[in-house]
Amino acid sequence: MKTTKDLSKYISGTYFSIRVGLAVMAFAFPILLWLGGHFLADVPLQGSMSAYYHASLHSLDGGPAGQGVMRDVFVGILFAVGVILFLYQGVTRLEDYAVNLAGLLALGIALFPMQWSPGSELPGKLHEAFALSFFLCIAYVAIFRAGDTLPLIPTEAARKRYRLLYMIVGCAMVGCPVLAFALALLPALTNYKIFFIEVAGIYAFGSYWAIKTRELSETDFDRKAAHGKIYVEPHGLTDAVHRIHLRESP
């Protein structure tokens, strides 16, 4: 029979693995698309990550869309990230809402691919809207919700460092997709530069989860929460941009 201590390690280990897994998938995502397309089918670097849903030598030569050699990887990783985020329990209700919504939006990105050839523009427009909204949700978590757990960090210098890191990755998750969308409107700039801007946004997403994992590990947050030693003060939607207070019992 497991003891209470063993169960707390089990719970904290599960949350640790989830956060690390999200970071690893984010960092591996663009590399898998790029190198997989190149080595499996000699597909050149595409103008965006979303293009790998369609990209194959056949489609690049005027063949049908939706048969990309890395399509399954693209959809699979988005589904994995989406399901994990949807099931993830945030520290506060507001974090939970934002992360869960981001999970649904990730599924939408996968289910509605970018427009590749002339035809209905609706799926492509939805793809763009879901992608931008996804990053905005996680940016909100990084900028406004990540700081809720920082008072548990013992030193002010460490708290300031984490606040700065969360602000940087949050702003990157807003700025990179907006910049990529703006460049996509300019035909002369619709090339591989957009791919790397999208990569920067994805890596900001991965960096958030890596930083959050480190921060919560420093305070042993997950184990304490599993023991019922962390209490969240009552809050609602009116606290959306305000810090929500946590208490730690002795």
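Residues numbered from 1 in each chain as written. Predicted model: local features only at pLDDT ≥ 70, side-chain atom pairs only at ≥ 80, totals over all residues. Heavy atoms only, no water.

Let's talk about the overall build of the protein chain
Link 1 in the chain: For the protein chain, the count of helices and strands is 8 helices and 2 strands.
Link 2 in the chain: The C-alpha atoms of the protein chain give a radius of gyration of 20 Å, which matches the 18 Å a tight globule of 250 residues would have.
Link 3 in the chain: In terms of overall dimensions, the protein chain has C-alpha extents of about 65 × 45 × 30 Å along its principal axes.
Link 4 in the chain: Within the protein chain, contacts between residues at least 6 apart in sequence are counted, and of these 67% link residues at least 24 apart.
Link 5 in the chain: Here the protein chain displays about 12800 Å² of accessible surface, and carbon together with sulfur accounts for 68% of that area. (Helix = DSSP H or I, 4+ residues; strand = E, 2+ residues; numbered from the N terminus. Rg over C-alpha atoms; globule rule 2.2 N^0.38 Å. Contact = heavy atoms within 4.5 Å. Areas by Shrake-Rupley, 256 points an atom, 1.4 Å probe, with all protein chains shown as cover.)

A few points about the nonpolar core
Burial of nonpolar side chains together is a common tendency in soluble globular proteins.
Link 1 in the chain: With 49 residues, the main nonpolar core has Leu85, Phe134, Met173, Phe205, Tyr208 and Trp209 as its most contacted residues.
Link 2 in the chain: Among the secondary structure elements, those contributing two or more residues to this core are helix 1 (4-41), helix 3 (71-87), helix 4 (93-111), helix 5 (122-145), helix 6 (156-184) and helix 7 (192-218).
Link 3 in the chain: The contacts of Tyr208, once residues within four sequence positions are left out, are Glu95, Val141, Ala142, Ala146, Tyr166, Val169 and Met173. (Core = buried A, V, L, I, M, F, W, Y, C linked by side-chain atoms within 4.5 Å. Buried < 20%, exposed > 50% of the residue type's maximum accessible area, 1.4 Å probe, protein only.)

Let's talk about the side chain of Asp222
Link 1 in the chain: Here Asp222 lies in helix 8 (residues 221-226).
Link 2 in the chain: Excluding residues that lie within four positions of it along the chain, Asp222 makes contacts with Ser12, Tyr15, Phe16 and Arg19.

Quick notes on the packing of helix 4 against helix 5
Each pair of packed helices can be summarised by the angle the axes make with each other and by the distance between the axes.
Link 1 in the chain: Between helix 4 and helix 5, the shortest axis-to-axis distance is 8 Å and the interhelical angle comes to 155°. One element, helix 4, and the other, helix 5, form an angle in the roughly antiparallel class. You can see that helix 4 and helix 5 cross each other, and the crossing is left-handed. Facing Leu94, Glu95, Ala98, Val99, Leu101, Ala102, Leu105, Ala106, Gly108 and Ile109 of helix 4, the residues of helix 5 in contact are His127, Phe130, Ala131, Ser133, Phe134, Cys137, Ile138, Tyr140, Val141 and Arg145. (Axes fitted to C-alpha atoms, helices over the stretch in contact; angles between N-to-C directions. Parallel < 35°, antiparallel > 145°, perpendicular 65-115°, else oblique. Left-handed = near helix turned anticlockwise from the far one by under 90°.)

As for unusual backbone geometry
Link 1 in the chain: In the Ramachandran plot, Asp42 falls in the positive-phi region, its phi being about 60° despite a non-glycine side chain.
Link 2 in the chain: Here Asp42 is to be found in the loop between helix 1 and helix 2 (57-60).
Link 3 in the chain: Here Asp42 falls in the exposed class, since its relative accessible area comes to 52%.
Link 4 in the chain: Of note, Asp220 is a non-glycine position whose phi angle comes to about 55°, a positive value.
Link 5 in the chain: Structurally, Asp220 is set in the loop between helix 7 and helix 8.
Link 6 in the chain: In this structure Asp220 comes out as partly exposed when scored by relative accessible area, which is 29%.

Description of the environment of Leu35
Link 1 in the chain: Secondary-structure assignment places Leu35 in helix 1.
Link 2 in the chain: By relative accessible area, which is 40% here, Leu35 ends up partly exposed.
Link 3 in the chain: The spacing of Leu35 and Leu45 is 10 residues in sequence and 8.7 Å in space, taken between C-alpha atoms.

Side note on helix 3
Link 1 in the chain: Taking 1.5 Å per residue as the helical rise, helix 3 with its 17 residues ought to reach 24 Å, and the 24 Å between its terminal C-alpha atoms agrees with that figure.
Link 2 in the chain: Listed in full, the buried residues belonging to helix 3 are Phe74, Ile77, Leu78, Val81, Gly82 and Leu85. All buried residues of helix 3 project into a common sector of 130° when viewed along the axis, lining one side. In helix 3, those exposed residues whose orientation departs by more than 90 degrees from the buried face are Asp72 and Leu87. (Expected span 1.5 Å × (residues − 1). Arc of directions from axis to C-beta.)

Quick word on the state of the cysteines
Two cysteines whose sulfur atoms are joined by a covalent bond form what is called a disulfide.
Link 1 in the chain: Summed over all chains, the structure comprises 0 disulfides.
Link 2 in the chain: No disulfide involves Cys137; its nearest neighbouring cysteine sulfur is the one of Cys171, lying 16 Å away.
Link 3 in the chain: By relative accessible area, Cys137 is classed as buried at 11%.
Link 4 in the chain: You can see Cys176 has no disulfide; the closest cysteine sulfur is in Cys171, sitting 11 Å from it. (Disulfide = S-S within 2.5 Å.)

Focus on the packing of aromatic side chains
Link 1 in the chain: Within the structure shown, the criterion is met by 17 aromatic pairs.
Link 2 in the chain: Look at Phe29 and Phe74: their rings are 5.8 Å apart centre to centre, the planes differ by 35°, and that puts the pair in the tilted class. Taken together, the positions of Phe29 in helix 1 and Phe74 in helix 3 put the pair 45 residues apart, joining distant regions of the chain.
Link 3 in the chain: Ring centres of Tyr166 and Tyr208 lie 5.7 Å apart, and the angle between their planes is 55°; on these two criteria the pair is classed as tilted. Placement of Tyr166 in helix 6 and of Tyr208 in helix 7 is noted, with a sequence separation of 42 residues between them. Like Tyr208, Tyr166 is buried. (Phe/Tyr/Trp six-rings, centres within 6.5 Å; stacked < 30°, edge-to-face > 60°.)

Geometric values such as these leave the question of function open.
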